[in-house]
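# Survey of secondary and tertiary structure
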Amino acid sequence: MVKKLVQVLPYFILAMGFTIITAILDGQVSRKMMLILDYALKGDVNTLKALTPVLLLNASALLPFGITVALTNNLYKKKANVLLKKYYVTKVFHKDIAEFQKENNAKYLSSMTNDFNTLENNLIAGIYTVGNGTVSFLVGIWLISTVNRSMILLSLVIIAINLLISVTTARPLKKAYKERSDMFDGYTSYIKEVLSAFHIVKNYNLQDKVTDDYYKKSNEIQYKGFLIERMISFINSTENFVMNGSLYGVICFIGYFAVKGDITPGGVLLVVEGLGRMAWPLFEISESLPKLFTSGNLIKKMEDTLKNSNTHEETVELTEFKDTIEFQNVGFHYEDDDRVILSDINLEFKKNGKYLIVGPSGGGKSTLLKLFRKYFYPTWGDILIDGYNMKEIKKEQYFSLVANIEQQVFIFEDTIKNNITLYKDYSEEEINTAITASGLDGFIQNLPDGLNTVIYDNGRNISGGERSRIVIARALLNKASILFMDEAFASLDMERAREIENTILNLKDITVINVSHVIFKDTKPKYDRVITVKKTAY
Ligand SMILES: Nc1ncnc2c1ncn2[C@@H]1O[C@H](COP(=O)(O)OP(=O)(O)OP(=O)(O)O)[C@@H](O)[C@H]1O
């Protein structure tokens, strides 16, 4: 992720360029003010008159430059934030389905919200704060050195001490940030679960337990936040103490030189001005640096969630399903569980054949479908498609050949049309055919906005059966070569389920693999084969 930030380097350089120009211009204004003061005290009116317009010109140029600095800085931050977020989301969607399912997806949610907020403040804004602070600090040194060069050494000592404090305090801070981020993962996961089980919480009167748990988790996070703030306050106080001590030292020197008459009144003004320019950025830098150092840990944690442990390179391009899917002596157990779920599976599925898979609950029907869908690979044995090992076939191509109707229906918050077409282009005729086949026509005709009716919140404003039919229409429209169905009719009434099953079984150019508990006497004979998965004894 850090490497990605190189792409926003031009925007950062642009912002820093304007920051440097503005800071130098600002320094020039201060120097001219010093000269004006000295000439005024000497009573040199002519030079005073000559210098004043130049000072006013320089000072008025500060306004557009100041605005440009703000704009370019915001542009850099916006680009950097968008870039990192886009990179993260792209990587998440590059994960294998099986690998994604291994993690609690609240981890990703937490990274996309809490961790990104922390990175936005600590890393992206932090880099600019340190850059801007350094420029201002250097301009401060420059101003002071135009009065007395020996001050440069003292300024460098101040930087070195502050850097040392930042580096040594970064380690405990890193640990605390990481712990808080982990806590946020658990917290987000908990909130996600509780909100999705809202009706269960209400029905079983679990409000008190939920409120109690929520309080405990919030309290833990708040306490960790308090510890982090306490640590930061301690670091800042130490740094402020060192810095203030150093600045007082500088002021003592100036006093000494002023008494000796080596520095003019304008010079004293310039040194005070220079000290101010050194002081505030040092405060900001010393606050930002430890946070900047801690960002590395957070990024590592986020990148760990993005890793795909499966690095197998797929080489076979399968653009068409022509003949058969064969299971050769396939056996399977889940990675983190030794129980053998499927064993000795030797099956052949012919192109355009219709297959019904039945069996006891927990027998492994859905697991078998996951192997078909390439979510998992067999633990032993092979699945061949047209003679090619499924493992070697490129995922994207395979997925474009198949359609899925799952038990758990997902509906986007969008129009019915977009939910059916999934944002791809189809003719009106194609859409209408799929709508009729899935039995959605009556429902859509009765809606004032028809196909343009928006469905909210995963189908809150439509029934379970209507949601299933939308997903069935989606699969039919996709014109896939293979259709996998997992309890697709579970939320439909018998009549409607039979009707849709008949429609699907009458489709000629599609291979259907249907896992279902709902079996109708009149549709069963239409299947080429009914396969019974037996529960493995473990
Ligand atoms: N991700 C997983 N990790 C470990 N075990 C799993 C996982 N998913 C399912 N199982 C186990 O695999 C076995 C088969 O589950 P599967 O969902 O394939 O059965 P099923 O025949 O589809 O059941 P049902 O008809 O009840 O949906 C079950 O014992 C289940 O607990």
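Keep in mind that what you see is a predicted model, and the values were worked out from it rather than measured.

Basis of the calculations
- In every chain, residue numbers begin from 1 and rise along the written sequence.
- Reporting in this predicted model follows two pLDDT cut-offs: at least 70 for local features of residues, and 80 or more for side-chain atom pairs to be given and counted; totals over whole chains, interfaces and linings ignore these cut-offs and use all residues.
- Calculated side-chain values reflect all of the structure's heavy atoms, with hydrogen atoms and water omitted.
- UniProt positions are given in the numbering used here, feature names are shortened, and annotations may be inferred rather than shown by experiment.
- Working definition: helices are DSSP H or I runs of at least four residues, strands are E runs of at least two. Numbering for both runs from the N terminus.
- For this purpose, a residue is taken to be near a molecule or strand whenever a single non-hydrogen atom of the residue falls within 4 Å of it.
- Nitrogen and oxygen atoms within 3.5 Å of one another constitute a polar contact, given that in protein one can donate a hydrogen and the other can accept it, and given that sequence-neighbouring residues count only through two side-chain atoms.
- Any residue that is not Ala, Val, Leu, Ile, Met, Phe, Trp, Tyr, Cys, Pro, Asp, Glu, Lys or Arg is counted as polar, Gly included; the first ten are nonpolar and the last four charged.
- Patches here are clusters of residues that have more than 30% relative accessible area and form no salt bridge, with a 9 Å joining cutoff for like charges and a 5 Å cutoff for nonpolar side chains (Val, Leu, Ile, Met, Phe, Trp, Tyr).
- Accessible surface is estimated by sampling points in the Shrake-Rupley manner with a 1.4 Å probe; for residues, cover comes only from the protein chains shown.
- Salt bridges, as used here, are contacts in which a Lys or Arg side-chain nitrogen is within 4 Å of a carboxyl oxygen on Asp or Glu.
- Under the scheme applied here, a residue whose accessible area is under 20% of the maximum for its type counts as buried, over 50% as exposed, and between as partly exposed, the area being computed with a 1.4 Å probe on protein chains only.
- The pairing criterion for strands is at least two bridges between them, as found by DSSP.
- Note on geometry: axes are C-alpha line fits, over the in-contact stretch for helices, and angles between N-to-C directions span 0 to 180 degrees.
- Should any heavy atoms of two residues lie within 4.5 Å, those residues are considered in contact.

Bringing the UniProt feature "transmembrane region" (unreviewed entry) in the protein chain into the picture now. Mapped onto the present numbering, the UniProt feature "transmembrane region" (unreviewed entry) falls at residues 12-30, 50-76, 123-144, 150-170 and 241-259. Taken end to end, residues 12-30 comprises 100% helix and 0% strand; its first and last C-alpha atoms sit 27 Å apart. Regarding residues 123-144, the helix share stands at 100% and the strand share at 0%, and the terminal C-alpha atoms are separated by 31 Å.

Now for the site of the ligand. Taken together, 15 residues lie near the ligand, and Ser361, Gly362, Lys365, Ser366 and Thr367 sit nearest. The contact in question runs from an oxygen atom of the ligand to an N or O atom on the backbone of Gly362, over 2.9 Å. Note that an oxygen atom of the ligand is positioned 2.8 Å from one of the side-chain N or O atoms of Ser366. Its residues assigned to classes, the shell around the ligand shows four nonpolar, seven polar and four charged.

Attention now goes to a nonpolar patch on the surface. Where nonpolar side chains cluster on the molecular surface, the patch consists of Val6, Leu9 and Ile13 and spans about 280 Å² of accessible area. Positionally, Val6 belongs in the segment before helix 1 (9-42). A relative accessible area of 54% places Val6 in the exposed class.

Below, the discussion takes up the sheet that holds strand 8 (residues 511-515). Within the open sheet, the five strands sit side by side as 6-7-8-3-9. Their pairing is parallel. Pairing within the sheet leaves two strands with one partner each, and these edge strands are strand 6 (402-405) and strand 9 (529-532). Sheet twist, expressed as the average angle between the axes of neighbouring strands with direction ignored, equals 15°. Inspection of the sheet shows strand 3 (residues 354-358) paired to strand 9 by four bridges, in the parallel sense. Bridging from a neighbouring strand, Ile357 pairs with Ile531 of strand 9. Here helix 9 (residues 365-372) sits on the sheet and contacts strand 3, strand 7 (482-486) and strand 8; the angle it forms with strand 7, its principal contact strand, is near 155°.

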